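Structural overview
Residues per chain, in single letters:
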Amino acid sequence: MTDASHAVSSVSVSTARSVPEGATAVGYAVAASGSVPRQLGVSRSTLTDNGFHAKPGQTLAVPSNDGLLVAVGIGDADEADAGVLRRAAAAFTRAASSHDHLATNLADATSLDPTEAAQAVTEAALLASYRYVGLKGDDDVASNLTELTLLAASKRSKQVGAGIERGRTIAGAAALARELANTPPTYLNAADIARRAVDLGPDAGLEVEVFDRDDLEQMGCGGMLGVNRGSTEPPRMVKLTYTPDGADGDVAHLAMVGKGIMYDSGGISIKGNDAFHQVMKMDMSGAGAVLSAMSALRALDCPTKVTAWLMCTDNMPSGSALKLGDVLTMRNGKTVEIHNTDAEGRLVLADGLSLAVEEGVDAIVDIATLTGAALTALGPEVACLLGTNQNWIDAVSAASERVGEPTWQLPLETERYRKLLDSVVADMRNIGGPYAGTITASIFLSEFTGDVPYAHLDIAGPMKVDSDEGIYAKGATGFGTRLLIDLACSFSAPEPAPSRLA
Ligand code: BES
Ligand code: MN
Ligand code: ZN
C-alpha cells in the first residue's frame, strides 16, 4: 500500500523572519479593513476592483515579477480564529498548488496565540496538499509541496515552531485516516489494518493487541463473529492502549471504539445500489480515525490514558452468512435478533463498547459510518452526535468546534423510541422502524455502555467529499481524527448528568 501520510509528513515546515530565497509562492494575509501588506504592492481599491473583499479563505493572485504573490483573505482580523486561519491556509495552498516551496505570514497576522495559529496554518496547508495517489501509474497526481515557511517575528519563532510540530503531527494523522479509507478493499482487509496498527505501535508509544476469530469466540464477541460469518476473510479486533508518561493510578481514562467494516455489501440484505457499494470500502472510516488519532497522542504529549478498540471485518453475503431471524449473543450477554444484515455496524460496535465498560473507563466515545439516516438528517458536512451524559456530549461538541469538524446533537429519546427495538425472541432487534434511523441505532448502542458516560459520532455524512474543497481532497476526509485527538488531549472525567435529550 502507498503511504501518503508519508507524503504529508515529508513536507518540511519551518519558520523564518523573511521570505527565503527558494520560496516561489508567497501568501500575505489581508484583513477586511486596515492596511494592505505593502509586500503585495497593491492598494485596497485595486484589490476591491478585482473582486477581492478579504473574505476568510478568499484569494487573489497579484501580478509580480518573481514568483506568485497571493492576497489571502482573513476577514475581520480581530475575529480571526483557528478556523479562519485553516480556511485561509488551505485556500492559499490550493492557489499555489503548482509551486513546491510556499511561504506565508498567516501564522503571524492575527492576535491569536502564535502556537495555536502556527498549528492551524500548518495543519490546513498540509491537509490541503494531500492527494491520494493510490495505484495510479503516473505520479503527476502527487502534491508538489515540499517546503512551507511560516513567516513570523523572531521573538515568536519558538512558539511558532511548537505549533508547526503539533500541526505536522495532527495533519499526518488525518492523512493516515484518509489513506486507510481511500485504499481499495482488497488492499486493506481486517488483517491488513491490524498489521498497520502493530507496525505503528512502537513509534507511537502504543501497546497493540490483536484478537483473531478464535480469541473472539473465547471472549463471546457474538456481534463481531455474526457479521464476519459471510466473509472468507477473518475478522480482527485491535486493542490499542496509550498510557501517558509518568501516569499514576489517578489519571483520567478515555475509551474510543471505531467501526471497522472493511467492506459493507449489506450481507444477505445486500445493498441494491452500486453507488453505495462503491463507497463502502470507507465503512472502516471510524476505525481509521481512531487508529490515526491514537498514533498521534504520544507526540502531542497527551495527558490522558486512552484505550481503543478497532472492530474490523467485512460484511458479505454467502452460504455461511448471517440470516434474518438469527439471534446473536453479544459480549455483554444481551441477545439480538437480526432483522437486517445491513445494520451490521452496531453489531460489531456492541462488543467493543461492552469491553470498554469492562475496562472501567471514565467515558466512552465511538465513531462510525453508521446510518444513511445521518446523511439524510444533517447532510454531507455535519456529523450526528448523540449520547447518554450531557456533560460528556458537550465536551465532544466543544472539541468538534475547536478543530472545525462540525457535529450537531440529536436526541437519544430512549423513553420514546426504545420500544421500536423490541423483539419477540431476543432482548432487542437490530433495527427500528423506517424513521429516526440514527436515533434507534444510537439507542441500540447505548444498551452496551452501562452507566459509563457515552457519546456516539455518526460520520456517514462527512466520511467523504465529492470534490476538492478547502482542506479536503475528493475522497475520504479523515473526519473525526482531529476531533478525537483534541478530545483525548483535553479530557477530564465527565460529571454524572443525564442527557438533556435522553
Ligand atoms: N455503512 C452503512 C451506512 C452508510 C450509508 C454509511 C451511506 C455511509 C454512507 C450502514 O452499515 C448501513 O448499511 N446502514 C443501514 C441501516 C439500516 C439497514 C437500518 C442504512 O443506513 O440504510
Ligand atoms: Mn450496512
Ligand atoms: Zn456499514
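Everything in this summary refers to the structure shown in the same document. (Residues numbered from 1 in each chain as written. Chains lettered and ligands numbered in written order. Predicted model: local features only at pLDDT ≥ 70, side-chain atom pairs only at ≥ 80, totals over all residues. Heavy atoms only, no water.)

**Notes on the overall build of the protein chain**
On a plain count of helices and strands, the protein chain comes out with 16 helices and 19 strands. Here the C-alpha radius of gyration of the protein chain, 23 Å, is about what a compact globule of 502 residues would show, namely 23 Å. Projected onto the principal axes, the alpha-carbon positions of the protein chain cover approximately 75 × 50 × 45 Å. Buried positions account for 56% of the 502 residues belonging to the protein chain. Sequence separation of 24 or more characterises 77% of the internal contacts of the protein chain that already satisfy a separation of 6 or more. (Helix = DSSP H or I, 4+ residues; strand = E, 2+ residues; numbered from the N terminus. Rg over C-alpha atoms; globule rule 2.2 N^0.38 Å. Buried < 20%, exposed > 50% of the residue type's maximum accessible area, 1.4 Å probe, protein only. Contact = heavy atoms within 4.5 Å.)

**Points about the coordination of the zinc ion (ligand 3)**
Each protein donor to the zinc ion (ligand 3) is listed here as Lys-259 (NZ), Asp-264 (OD), Asp-283 (OD) and Glu-344 (OE); together their distances run 2.0 to 2.4 Å. One can describe the donor arrangement at the zinc ion (ligand 3) as octahedral, given that its 6 donor atoms subtend angles of 78 to 172° at the metal. Separating the zinc ion (ligand 3) from the manganese ion (ligand 2) is a distance of 3.2 Å, and Asp-264 supplies a donor atom to each of them. Take Lys-259 and Asp-264: they sit in the same class, and that class is buried. (Donors = N, O, S within 2.8 Å, 3.2 Å for Na, K, Ca; no water. Tetrahedral: all angles 85-135°; square planar, octahedral: opposite > 155°, others 65-115°.)

**Section: the sheet that holds strand β2 (residues 25–30)**
Two modes of strand pairing occur in sheets, parallel and antiparallel, and in both the strands are linked by backbone hydrogen bonds. The mixed open sheet is built from 6 strands, whose spatial order is β1-β6-β5-β2-β4-β3. The sheet is open, and its two borders are formed by β1 (12–16) and β3 (59–62), each paired with just one other strand. Neighbour-to-neighbour, the strand axes of the sheet open up by a mean angle of 25°, direction not taken into account. Where strand β5 (residues 101–104) lies against strand β6 (residues 147–151), 4 bridges are found, and the strand directions are parallel. (Pairing = 2+ DSSP bridges. Axes fitted to C-alpha atoms, helices over the stretch in contact; angles between N-to-C directions.)

**Re the nonpolar core**
Ranked by internal contacts, the top residues of the largest apolar core, which has 106 residues, are Met-256 and Met-294. Examining the composition of this core, we find that 10 residues originate from one element, helix α5 (residues 157–182), more than from any other. In terms of nonpolar packing, the next biggest core, distinct from the first, is built from 45 residues, Cys-221, Leu-225, Val-257 and Met-428 among them. (Core = buried A, V, L, I, M, F, W, Y, C linked by side-chain atoms within 4.5 Å.)

**A few points about the side chain of Lys-239**
Counting through the fold element by element, Lys-239 comes out in strand β8 (residues 236–242). Look at Lys-239 and you get buried, because its relative accessible area is 14%. Within the structure, the side chain of Lys-239 is placed 3.2 Å from the side chain of Glu-359, a separation counted as a polar contact. Residues within four places of Lys-239 in sequence aside, it is in contact with Glu-207, Val-208, Glu-209, Phe-211, Thr-307, Ala-308, Trp-309 and Glu-359. (Polar contact = N/O pair within 3.5 Å; in protein donor to acceptor, adjacent residues only side chain to side chain.)

**Thoughts on the environment of Ala-289**
Along the chain, Ala-289 turns up in helix α10 (residues 285–296). In sequence terms Ala-289 and Ala-181 are 108 residues apart; their C-alpha atoms lie 9.2 Å from each other. Excluding residues within four positions of it along the chain, Ala-289 makes contact with Ala-177, Ile-367, Phe-479, Gly-480, Thr-481 and Leu-484.

**With respect to the site of ligand 1**
Looking at ligand 1, there are 17 residues lining it, with Lys-271, Asp-283, Asp-342, Glu-344 and Gly-372 nearest. One of the side-chain N or O atoms of Lys-259 is found 3.1 Å from an oxygen atom in ligand 1. Contact with the protein chains removes 82% of the 510 Å² of surface that ligand 1 exposes when unbound. Across the shell around ligand 1, the residue classes break down as 6 nonpolar, 4 polar and 7 charged. (Near = heavy atom within 4 Å. Areas by Shrake-Rupley, 256 points an atom, 1.4 Å probe, with all protein chains shown as cover. Nonpolar A, V, L, I, M, F, W, Y, C, P; charged D, E, K, R; others polar.)

**Quick notes on the coordination of the manganese ion (ligand 2)**
For the manganese ion (ligand 2), the protein coordination sphere consists of Asp-264 (OD), Asp-342 (O), Asp-342 (OD) and Glu-344 (OE), at 2.0 to 2.2 Å. Of note is the manganese ion (ligand 2), whose 6 donor atoms meet at the metal with angles of 69 to 168° in an arrangement that counts as irregular. Positions of the donor residues of the manganese ion (ligand 2), expressed as sequence spacing, correspond to D-x77-D-x1-E. Since its relative accessible area comes to 1%, Glu-344 is described here as buried.

On their own, these measurements won't tell you what the molecule is for.
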